[in-house]
Amino acid sequence: MTPSSDRASTALFGSRRVVYAAVLVATGLVLFVFESLIPRPLPWLKPGLANVAGLIALYLLGMREAIAVTLVRILVGALLLGTFFNPAFFLSLGGGMMAVFAMGTVRYVAKDAFSIIGISVCGAACHNLVQMWLAYALIVRRMELLFLLPAMLLAAVVTGTVVGLIGHLAVTGALGRLSATGRANDGG
């Protein structure tokens, strides 16, 4: 991280953090509802665009806020779509929480080893693995479900890359604007 991006990332304190988190929740919800309207070739295949909100929160605000953004997005999204406490809700909750924990852990442990895109792919893979496990535990209870594993992991690489690219563009743009705002406030 460069000194200017350090200054930009530390500029997000207090009420501004809450506002940024709320904007990310709202963005995630819009993407979540939009995704639910897109026809899917397979019932379990979604682009996961709503996960961009948690990824951006992780990079701009931190792990705690990323968890909060993801959790609130999933809860409110389930209420909006009428899936609260049905199996789809638990699949979404389990996958979303595991994705954020995995991304945060990889970012913390191997900060310089992975780009935001690599961390997003890791989150997408963990999301799909947990959803598969939950589908087995709650719905299917058949070992044949494992035949979907290669397709789900391939989908995770594709969707994780797309989410990571979008997250990279958003984080880079936000840090640039925050850095410019910091320079303007410093008189530089």
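Everything numeric here is computed off the predicted structure, so don't read it as measured data.

**Quick notes on the overall build of the protein chain**
Moving on, step 1. Helix and strand content of the protein chain: 7 helices and 0 strands.
Moving on, step 2. Sequence-ordered secondary structure for the protein chain, helices as α and strands as β, is α-α-α-α-α-α-α.
Moving on, step 3. Residue burial in the protein chain is summarised as follows: out of 188 residues, 41% are buried.
Moving on, step 4. Relative to all contacts within the protein chain whose residues are 6 or more apart in sequence, the contacts with residues 24 or more apart total 72%.

**Observations concerning unusual backbone geometry**
Working note: non-glycine residues mostly have negative phi, and peptide bonds are mostly trans.
Moving on, step 1. Although it is not a glycine, Phe85 adopts a positive phi angle of roughly 65°.
Moving on, step 2. Counting through the fold element by element, Phe85 comes out in the loop between helix 4 (63–81) and helix 5 (87–109).
Moving on, step 3. Its identity as a non-glycine residue notwithstanding, Arg141 has a phi of 55°, on the positive side.
Moving on, step 4. You can see Arg141 is positioned in the loop between helix 6 (116–140) and helix 7 (149–186).
Moving on, step 5. According to the relative accessible area criterion, Arg141 is exposed, its value standing at 59%.

**Notes on the pattern of salt bridges**
Moving on, step 1. Across all of its chains, the model carries 3 salt bridges by this definition.
Moving on, step 2. Of the charged contacts, one joins Arg17 and Glu65 as a salt bridge, the two residues approaching to 3.1 Å between their closest N and O atoms. Within this pair, whereas Arg17 is found in helix 2 (residues 15–37), its partner Glu65 is found in helix 4, the two being separated by 48 residues in sequence.
Moving on, step 3. The exposure class assigned to Arg17 is buried, which follows from its relative accessible area of 17%.

**Points about the nonpolar core**
A general trend in soluble globular proteins is that nonpolar side chains are found buried together.
Moving on, step 1. Leu24, Tyr59, Leu60, Val69 and Val171 are the most contacted members of the largest nonpolar core, which has 24 residues in total.
Moving on, step 2. Of all the secondary-structure elements, those providing two or more residues to this core are helix 2, helix 3 (51–60), helix 4, helix 5, helix 6 and helix 7.
Moving on, step 3. In this view, Val69 contacts Ala21, Leu24, Val25, Ala53, Gly54 and Ala57; residues no more than four positions away in its chain are not counted.
Moving on, step 4. Val130, Met132, Leu134 and Ala135 belong to the second largest nonpolar core, which has 7 residues in total.

**With respect to the packing of aromatic side chains**
Moving on, step 1. Per the stated rule, a full pass over the model turns up 5 aromatic pairs.
Moving on, step 2. A network of ring pairs unites the aromatic residues Phe84, Phe85, Phe89 and Phe90 as a single cluster.
Moving on, step 3. Note that Arg107 overlies the ring of Tyr59, its terminal NZ or CZ placed 3.9 Å from the centroid.

**Let's talk about the layout of surface pockets**
Moving on, step 1. Of the volumes computed, that of the largest pocket is approximately 960 Å³.
Moving on, step 2. Ranked by residue count, the leading element in the lining of the largest pocket is helix 6, at 10 residues.
Moving on, step 3. Its residues assigned to classes, the lining of the largest pocket comprises 27 nonpolar, 15 polar and 4 charged.

**Quick look at the packing of helix 5 against helix 6**
Moving on, step 1. At their nearest, the axes of helix 5 and helix 6 sit 7 Å apart, and the two run at 145° to each other. In the crossing of helix 5 with helix 6, the sense of the turn from one axis to the other is right-handed.
Moving on, step 2. For the contact of helix 5 with helix 6, the per-class residue count stands at 16 nonpolar, 8 polar and 1 charged.

**Observations regarding the confidence of the model for the protein chain**
Moving on, step 1. Per-residue confidence for the protein chain gives a mean pLDDT of 89, with 89% of residues at or over 70.
Moving on, step 2. Mean pLDDT across the elements of the protein chain bottoms out in helix 1 (residues 3–10) (45) and peaks in helix 3 (97).
Moving on, step 3. Contacts from residues 1–11, a stretch scored under 50 in pLDDT, to residues over four places away or in other chains number 13 contacts.

**Observations concerning the environment of Met152**
Moving on, step 1. You can see Met152 is positioned in helix 7.
Moving on, step 2. Here Met152 falls in the buried class, since its relative accessible area comes to 7%.
Moving on, step 3. Taking the C-alpha atoms as reference points, Met152 and Asn128, separated by 24 residues in sequence, lie 6.3 Å from one another.
Moving on, step 4. Apart from residues lying up to four places away in sequence, Met152 is in contact with Trp44, Asn128 and Met132.

So, how was this worked out
- Residues numbered from 1 in each chain as written.
- Predicted model: local features only at pLDDT ≥ 70, side-chain atom pairs only at ≥ 80, totals over all residues.
- Heavy atoms only, no water.
- Helix = DSSP H or I, 4+ residues; strand = E, 2+ residues; numbered from the N terminus.
- Buried < 20%, exposed > 50% of the residue type's maximum accessible area, 1.4 Å probe, protein only.
- Contact = heavy atoms within 4.5 Å.
- Salt bridge = Lys/Arg side-chain N within 4 Å of Asp/Glu carboxyl O.
- Core = buried A, V, L, I, M, F, W, Y, C linked by side-chain atoms within 4.5 Å.
- Phe/Tyr/Trp six-rings, centres within 6.5 Å; stacked < 30°, edge-to-face > 60°.
- Lys NZ or Arg CZ within 6 Å of the ring centre and 35° of its normal.
- 1 Å grid on protein atoms, 1.4 Å probe; cavity = no way out; pocket = protein on both sides within 12 Å on 5 of 7 lines; lining within 4 Å.
- Points joined across faces, edges and corners; volume = space filled by probe spheres on them.
- Nonpolar A, V, L, I, M, F, W, Y, C, P; charged D, E, K, R; others polar.
- Axes fitted to C-alpha atoms, helices over the stretch in contact; angles between N-to-C directions.
- Left-handed = near helix turned anticlockwise from the far one by under 90°.
- pLDDT = per-residue confidence, 0-100.

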